[in-house]
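Understanding the architecture of this molecule
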Amino acid sequence: MVGREPELARLLSELREAPAVVLVEGEAGIGKTRLVHEASAALRAQRRQVLTGLCHPLREPFPYGPVVDALRKADLTDAPAFPPTTGALAPLLPDLADRLPPAPPAADPAGQRFQLLQAVRSFLTALGPVTLIVEDLHWVDETTRELLLLLARDLPPQLGLVLTYRAEDLPPGSGVLGSAYRRPPGTAGSLIRLGPLRETDVRELAAAALGGQATGALVAAVYRRSEGLPLVAEEDLRSLAEHAATDDPAGLLQNVPHGLHEVVTERLARLSPQAVAVARAAAVLAAPAPEPLLTALAGLAPDQGAEAVTELLGAAVLHEPEPGTYDFRHVLAQQVVHQLVPGPARARLHGRAAELLQGLTPAPLVRIAHHTLASGDRAGWLLRAQEAAEQALAVRDGGTAAPLLRSLLERPELAGEARARAALALAGIAAYGIDLRADSGLLGRLVTDPGLPPEVRGEIRLRLGLGMLNETADPAGFAEVERAVDELAACRPERAVRAMAALALRDGAGPAYTGAWLARAERAVGEGGTEELRAAVHATRLTLMTCRADPSLWGLTDRLPRRTEDREVLRQTARALQNVADTACYLGHDRRAAALATEAGQAAARAGHPIVEYLSGGTLLRLDAFAGRWDGLADRLGRLVAGYPTAVAVHAERALLTGLLATARGQHARALKLFGEAAGISADLLLVGLELRAATGLAAAHLARGETLRAWPVAARALATTRRTEAWPRAAGLLSVAVETALACGRRESARLLAAEAARGLDGRDCPAAAADLELARGLLCQDTEPSAAARHFNQAVELWRQIGRPYETARALERQGSALRRHGAGPLTEALTLFTGLGATADAARCGQTLHGLGVARRGPGRPAYGSSLSPREHQVAGLLADGAANQRIAETLFLSPRTVEHHVANVLRKLGTTRAQLPGVYPGRPE
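These remarks concern the structure in this document.

Here is what the cut-offs are and how they apply
- Residues numbered from 1 in each chain as written.
- Predicted model: local features only at pLDDT ≥ 70, side-chain atom pairs only at ≥ 80, totals over all residues.
- Heavy atoms only, no water.
- Helix = DSSP H or I, 4+ residues; strand = E, 2+ residues; numbered from the N terminus.
- Buried < 20%, exposed > 50% of the residue type's maximum accessible area, 1.4 Å probe, protein only.
- Contact = heavy atoms within 4.5 Å.
- Areas by Shrake-Rupley, 256 points an atom, 1.4 Å probe, with all protein chains shown as cover.
- Lys, Arg positive; Asp, Glu negative; His and termini not counted.
- Charge placed at Lys NZ, Arg CZ, Asp CG, Glu CD.
- 1 Å grid on protein atoms, 1.4 Å probe; cavity = no way out; pocket = protein on both sides within 12 Å on 5 of 7 lines; lining within 4 Å.
- Points joined across faces, edges and corners; volume = space filled by probe spheres on them.
- Phe/Tyr/Trp six-rings, centres within 6.5 Å; stacked < 30°, edge-to-face > 60°.
- Lys NZ or Arg CZ within 6 Å of the ring centre and 35° of its normal.
- Core = buried A, V, L, I, M, F, W, Y, C linked by side-chain atoms within 4.5 Å.
- Expected span 1.5 Å × (residues − 1).
- Disulfide = S-S within 2.5 Å.
- Pairing = 2+ DSSP bridges.
- Axes fitted to C-alpha atoms, helices over the stretch in contact; angles between N-to-C directions.
- Parallel < 35°, antiparallel > 145°, perpendicular 65-115°, else oblique.
- Nonpolar A, V, L, I, M, F, W, Y, C, P; charged D, E, K, R; others polar.
- Left-handed = near helix turned anticlockwise from the far one by under 90°.
- Polar contact = N/O pair within 3.5 Å; in protein donor to acceptor, adjacent residues only side chain to side chain.
- Salt bridge = Lys/Arg side-chain N within 4 Å of Asp/Glu carboxyl O.

Thoughts on the overall build of the protein
Looking only at helices and strands, the protein has 45 helices and 8 strands in total. Referenced to the eigenvectors of the C-alpha coordinate spread, the extents of the protein come out at roughly 110 × 75 × 50 Å. Per-residue burial for the protein yields a buried fraction of 55% across its 929 residues. The contacts in the protein between residues at least 6 apart in sequence include a share of 67% that link residues at least 24 apart. Carbon and sulfur atoms make up 53% of the accessible area of the protein, which amounts to about 39400 Å² in all. For the protein, the distance from the average position of its 103 positive side-chain charges to the average position of its 103 negative side-chain charges is 8 Å.

What to know about empty space enclosed by the protein
Counted by the stated rule, this structure contains 2 cavities of 30 Å³ or more. Approximately 120 Å³ is the volume found for the largest cavity. Forming the walls of the largest cavity are 12 residues, and the residues nearest its centre are Glu235, Val264, Arg267, Ala316 and Ala333. Taken together, the elements giving at least two residues each to the lining of the largest cavity come down to helix 8 (230-242) and helix 10 (259-269). By residue number, the principal contributor to the lining of the largest cavity is helix 10, which donates 4 residues.

What about the packing of aromatic side chains?
Enumeration according to the criterion identifies 5 aromatic pairs in this entry. Relative to Trp517, the ring of Tyr513 lies with its centre 6.4 Å away and its plane at 65°, an arrangement referred to as edge-to-face. Here Trp517 and Tyr513 lie together in helix 24 (residues 511-526), a separation of 4 residues that amounts to about one turn. Accessibility expressed as a relative area gives 12% for Trp517, which makes it buried. With centroids separated by 5.9 Å and ring planes inclined at 65°, the aromatic side chains of Tyr808 and Phe836 adopt a geometry described as edge-to-face. Of this pair, Tyr808 sits in helix 39 (residues 807-821) while Phe836 sits in helix 40 (residues 826-839); the two residues are 28 residues apart in sequence, bridging distant segments of the chain. Residue class for Tyr808 comes out buried when judged on its relative accessible area of 5%. Overall, Phe836 belongs to the buried group, its relative accessible area being 0%. Aromatic rings pair up to connect Trp630, Tyr808 and Phe836 into one cluster. In this arrangement the basic side chain of Arg506 is found over the ring face of Tyr513, its NZ or CZ atom lying 5.3 Å from the centre. In this structure, Arg592 packs its charged tip against the face of Trp554, placed 4.2 Å from the ring centre.

Considerations on the nonpolar core
One finds Trp630, Val739, Trp801, Tyr808 and Phe836 to be the most contacted residues of the largest nonpolar core, which totals 111 residues. The residues touching Val739, leaving out its near neighbours within four places in the chain, are Ala751, Leu754, Ala777, Leu780 and Leu781. Counting 73 residues, the second-largest nonpolar core is a separate cluster that includes Val278, Ala345, Ala420 and Leu442.

With respect to helix 44 (residues 899-913)
Look at helix 44: 21 Å from first C-alpha to last across 15 residues, which is about the 21 Å you get at 1.5 Å a residue. Taken residue by residue, helix 44 has Val902, His905, Val906, Asn908, Val909, Leu910 and Lys912 as its buried positions.

Quick word on the state of the cysteines
Joining two cysteines, a disulfide is a covalent bond between their sulfur atoms. In the structure shown here, the tally under the stated rule is 0 disulfides. Of all cysteine sulfurs, the one in Cys547 lies closest to Cys767, which takes part in no disulfide; the gap is 12 Å. Cys767 sits in the buried class, given a relative accessible area of 5%.

Let's talk about the environment of Ala600
Residue placement: Ala600 occurs in helix 28 (residues 590-607). Classification of Ala600 by relative accessible area gives buried; the value is 0%. Among residues more than four places away in sequence, those in contact with Ala600 are Ala574, Leu577, Gln578, Val612 and Ser616.

Focus: the environment of Val309
Tracing the sequence through the fold places Val309 in helix 13 (residues 302-314). Between the C-alpha atoms of Val309 and Ala907, which are 598 residues apart in sequence, the distance is 77 Å. Among residues more than four places away in sequence, those in contact with Val309 are Val278, Glu291, Leu294 and Tyr326.

Some words on the sheet that holds strand 8 (residues 325-328)
If you walk across this open sheet you meet the 3 strands as 6-8-7, and the pairing is antiparallel. In the strand order of this sheet, the two ends are held by strand 6 (289-290) and strand 7 (318-322), each with one partner. Sheet analysis places strand 7 next to strand 8, joined by 3 bridges and oriented antiparallel. Note on strand 8: the bridge partner recorded for Leu318 is Phe328.

A few points about the packing of helix 29 (residues 610-626) against helix 31 (residues 648-664)
Put simply, helix 29 and helix 31 touch, their axes get as near as 11 Å, and they point 10° apart. If you check the angle between helix 29 and helix 31, you find them roughly parallel. Counting all contacts with helix 29, which are made through Tyr614, Leu615, Leu621, Arg622, Ala625 and Phe626, the residues of helix 31 involved are Val650, Glu653 and Leu657. In terms of residue class, the contact of helix 29 with helix 31 is made up of 7 nonpolar, no polar and 2 charged.

Details of the packing of helix 24 against helix 25 (residues 531-547)
Contact geometry of helix 24 with helix 25 gives a least axis separation of 10 Å together with a crossing angle of 155°. Taken together, the axes of helix 24 and helix 25 are roughly antiparallel relative to one another. The handedness of the crossing between helix 24 and helix 25 is left-handed. Every residue of helix 25 that contacts helix 24 at Thr514, Leu518, Ala521, Glu522 and Val525 is listed here: Leu533, Arg534, Val537, Thr540, Arg541 and Leu544. Class assignment for the residues of the contact of helix 24 with helix 25 results in 6 nonpolar, 2 polar and 3 charged.

Looking at the side chain of Arg461
With respect to the helices and strands, Arg461 occurs in helix 21 (residues 454-470). Residue Arg461 is classed as buried on the basis of its relative accessible area, which comes to 9%. A distance of 3.0 Å separates the side chain of Arg461 from the side chain of Glu480, its partner in a polar contact.

What about the pattern of salt bridges?
This structure, assessed with the given rule, holds 42 salt bridges. Between Asp486 and Arg520 there is a salt bridge, with the nearest N and O atoms lying 3.5 Å from each other. On the criterion of sequence distance, the pair formed by Asp486 in helix 22 (residues 477-489) and Arg520 in helix 24 is long-range, its members being 34 residues apart. Bridged by salt links that share partners, the residues Glu459, Arg463, Arg492 and Arg495 form one connected network.

A look at unusual backbone geometry
Residue Pro19 is reached from Ala18 by a cis peptide bond, and omega for that bond is 5°. As for its position among the elements, Pro19 is in the loop between helix 1 (5-15) and strand 1 (20-25). Cis peptide bonds are those with omega within 30 degrees of zero, and the linkage from Thr361 to Pro362 qualifies with -5°. Here Pro362 is to be found in the loop between helix 15 (343-358) and helix 16 (365-374). Phi at Asp136 takes a positive value of approximately 60°, unusual for a residue other than glycine. Take Asp136: it is sitting in the loop between strand 3 (130-135) and helix 5 (142-153). Of the residues examined, Asp136 reaches a relative accessible area of 18% and is grouped as buried. Phi is positive for Ala549, close to 55°, though the residue is something other than glycine. Its location among the elements puts Ala549 in the loop between helix 25 and helix 26 (553-558).

Right, here's the structure in full:
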């Protein structure tokens, strides 16, 4: 391991800080494989598992082959029982299937990817400390790259992921994991670029190979000739060792060939004609091959072939990567020999290779197609490539199928039904890919291809549009889906209905748009749709009814078919239940939402709809937050995001709920950042519910900081969205914040008109949360002029929030009621303080306690406990605000303390944590939950 000690130490250091992602970059022959091999040996010596998978330029269909190949080598001797999620690996790891749970029900492509990601993460987590190495990622197929990207975005806690690649062989402008990868916070690792060896390194190599004959002049010559490339230096030194019979060092230098090309040529010249024939056969095959195949391709008798392979092994031309298969020691040597074969002879060898491979069982169709094309038979390649693509699609290996399909579709000879099949297949793969941009250009050309029937172009457009919406959150996908409707209507009416149903869920377009598309879908499905299609349209209707808070919703929801044996209908039932549950949270039907989300998860598990099962868990987690179950909430939100890193709406949900906690604890700067993050995501997704919640949080955080002029534009934009989409039933929280902001800005008449407008929007709607918020708004409007009326409105809000089951909102309403009652408000204020304290809403509790103190109400309790070197609850409050960047004056205002008291607490916090104010954000572990 000469010349790579710093890189090896760095690699091992990063992997010991797992989770970590380490990228090892370098040109061919630079020593990437040797580096990770040495690291693997060191890690195994520390009893850490190392699993290695390889990417190949010509890989036969096998989904996620490099990763699955690595996982199958895992030692499960000490592994605990695997969780149910790992069952998705059972079909891919038959040798380990007896240790894994049963495979889950079949799912659609997006669901399969979700299942597999969870399975791989769960499997690696169960193994404990483990390093996963995937080599030669410049040859990786797209689905494997996507799996590694998703894994790298949120690694199991004890996993080190090592990826090696040649940057010059990546697609132009692309990173090794695609443009979508950014190292997430809390993940160690780095990029290790391997450069050439230094002359001192070559001297050390030469001394090991040649002993005393490694003169300075000889070493300098080897260094110049190799330019520091380890592979070339090693080959030069190997040749020098072979010529070491002479005692003349200068003569040694003269006899050594220059460069890898000459080294390989000289070595072949010393071989028998039979060995040269086998070397040429191995170069043409370009993959590990058994002796009989090499012998047959070389045109030799079995005995001759065996002798030739033995000769090549002895001459270090070939090696044996796995028992019974032989290949070149390095791809550069294989390329040299391939180039040395004359063109006509090379074409004949490729043609013969295709014939021989055709006789294998199973036939390696990808390699057969490659050799057919290399032989010059373009018509034959067209057929063989189609066969290979269809085989890959049959085993659901989109990563192998996609490049074949792209190559086929670039050929004008592919026409008619074959072209239509290839185009639809590629559209299907691309629609469920993470990086749709890789195929968007080709798919865009296909939807205008006059050689394709209109219904095929429409299907491609539909898949492209849905992919843009579901995978890249690109609103332009709606335009593609709209255009697909007319193209599909005549020949594929059921697919046209799917498109209509998707357009009916365009949340930001308003009820006129969504209602028109729903009505059109219902008319179309009523003219002869299948039961599954009717169920899909009905699920869309229920979703829109929930958004409108239609009181007749619940009877229809109760009649959904929960016990049907039709899996597709059950999938639609699960989708409907989840959509209703998710929106019911916004309306304030929390208990009903919890029951429906639980049902949705159970139905999705039976129907093989893993994404809905996952989303139902997210809805239940949101309900936990609303119900005040805040202990451990941040960790649960982290696990939710880790379960499906590409679900950007879930990232917004985490930001919203974490922002709620930050607000309750007085960390307003952090709350602004989190709500801003959620606002950005909701704007990209055009999801009204998320947009309104984010705006509510932003405006409230600005108000808490006294920034009324910043709060009003945020509230005004959200109100414009609410009016345009008639989303008043889902705007709970926004109305009261907007009214409070308007009053603070001196816009009393605007505030009054706003409350009246909201009342009209809520008339006849079943939305208790918005009703409670309307009572708060009405109370705010009259608290200065009619405090007793304000108190009644606030009390109405208290009762509504209690019935809904949201203690934080109940406490906020109680605090307002107590403040309106003034000297008679001790009862509501005391109750509010108790609720705030129990929740851990430290800033709210401090404010409420200060109000009680002003009324002359003192809280009595046990004597102050001694906390020693640990932070007291008050010091945790101060530390959290310090970590948020708050100045002493802001802390004093938030916690209603004197500046001198704050100075005392700050000094105690910094002393106990042994840090400075500047370093505190990276040191403070957070308030214990």
